[in-house]
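Chain residues, written in single-letter form:
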Amino acid sequence: VWMITGDNKRTAEAIARLGAEAFDRLYLDHDLGKEPYAGRDVATWLIQHPDVLPDLDTVTHTVNEASGPKIAREMTAGGRRCQWVPFPALRKRGSL
């Protein structure tokens, strides 16, 4: 399990680590330090690399009501398992 939060360096690190290490679940926010890199870049990279961690479960935990569901739909359409669960709901569920 890995939660990606932080700045642009963390986004680049996430992409590098996803290509090199094994994870079963990824918690991803959509705006990790804003442009030029964001959590969306991690999601897009995963869609473009279906051979990398094909069984990875992804939760986009953004509270952004437009971006969260959009990322989940895009990842699902791209063959990735993903659900949108806003961060406060994760805390209530005890998923963190």
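See above for the structure.
All values derive from a computational prediction rather than experimental measurement. (Residues numbered from 1 in each chain as written. Predicted model: local features only at pLDDT ≥ 70, side-chain atom pairs only at ≥ 80, totals over all residues. Heavy atoms only, no water.)

Trainee: How should the overall build of the chain be read in this particular structure?
Mentor: Broken down by element type, the chain carries four helices and four strands. A burial count over the chain gives 38% of its 96 residues as buried. Long-range contacts, defined as pairs at least 24 residues apart, comprise 66% of the intrachain contacts of the chain with a sequence gap of at least 6. Carbon and sulfur atoms provide 52% of the accessible area of the chain, an area that totals close to 5400 Å². (Helix = DSSP H or I, 4+ residues; strand = E, 2+ residues; numbered from the N terminus. Buried < 20%, exposed > 50% of the residue type's maximum accessible area, 1.4 Å probe, protein only. Contact = heavy atoms within 4.5 Å. Areas by Shrake-Rupley, 256 points an atom, 1.4 Å probe, with all protein chains shown as cover.)

Trainee: Would you explain the pairing of strand 3 (residues 57-60) in this entry?
Mentor: Regular strands show a simple pattern: their side chains alternate between the two faces of the sheet. Taken together, the four bridges between strand 2 (residues 25-28) and strand 3 define a ladder with parallel strand orientation. Looking at the pairing, Leu-28 lines up with Thr-60 of strand 3. Across four bridges, the pairing between strand 3 and strand 4 (residues 81-84) is parallel. Across the sheet, the residue bridging to Thr-58 is Cys-82, located in strand 4. (Pairing = 2+ DSSP bridges.)

Trainee: So what exactly am I meant to see when it comes to the pattern of salt bridges here?
Mentor: Where charged atoms from two side chains of opposite charge approach closely, those side chains can pair. All told, the structure shown has four salt bridges when counted by the stated rule. Here Glu-13 and Arg-17 are joined by a salt bridge, their closest N and O atoms 3.5 Å apart. Placement of the pair is Glu-13 and Arg-17 together in helix 1 (residues 8-18), with a separation of four residues, close to one helical turn. Looking at Arg-17, the relative accessible area reads 25%, which means it is partly exposed. Note that Glu-21 and Arg-17 form a salt bridge whose closest N and O atoms lie 3.0 Å from each other. (Salt bridge = Lys/Arg side-chain N within 4 Å of Asp/Glu carboxyl O.)

Trainee: So what exactly am I meant to see when it comes to the nonpolar core here?
Mentor: Within soluble globular proteins, side chains that are nonpolar generally end up buried alongside one another. Judged by nonpolar contacts, the single largest core of 16 residues is most densely connected at Leu-18, Leu-26, Val-42, Leu-46, Leu-53, Leu-56 and Met-75. When residues of this core are traced back to their parent elements, those giving at least two are helix 1, strand 2, helix 2 (39-48) and helix 3 (67-77). The dominant element in this core, judged by the number of residues it contributes, is helix 2, at four residues. (Core = buried A, V, L, I, M, F, W, Y, C linked by side-chain atoms within 4.5 Å.)

Trainee: Would you mind going over the side chain of Arg-80 with me for this structure?
Mentor: Among the secondary structure elements, Arg-80 is positioned in the loop between helix 3 and strand 4. No salt bridge is formed by the buried Arg-80. Its closest oppositely charged neighbour is Asp-51, at 6.3 Å. Engagement of the side chain of Arg-80 in a polar contact is seen with the backbone oxygen of His-49, the distance being 2.7 Å. Apart from the residues within four sequence positions on either side, Arg-80 is in contact with Leu-46, Ile-47, His-49, Pro-50, Val-52, Leu-53, Pro-54, Leu-56 and Met-75. (Lys, Arg positive; Asp, Glu negative; His and termini not counted. Polar contact = N/O pair within 3.5 Å; in protein donor to acceptor, adjacent residues only side chain to side chain.)

Limitation: the analysis is restricted to geometry and does not speak to function.
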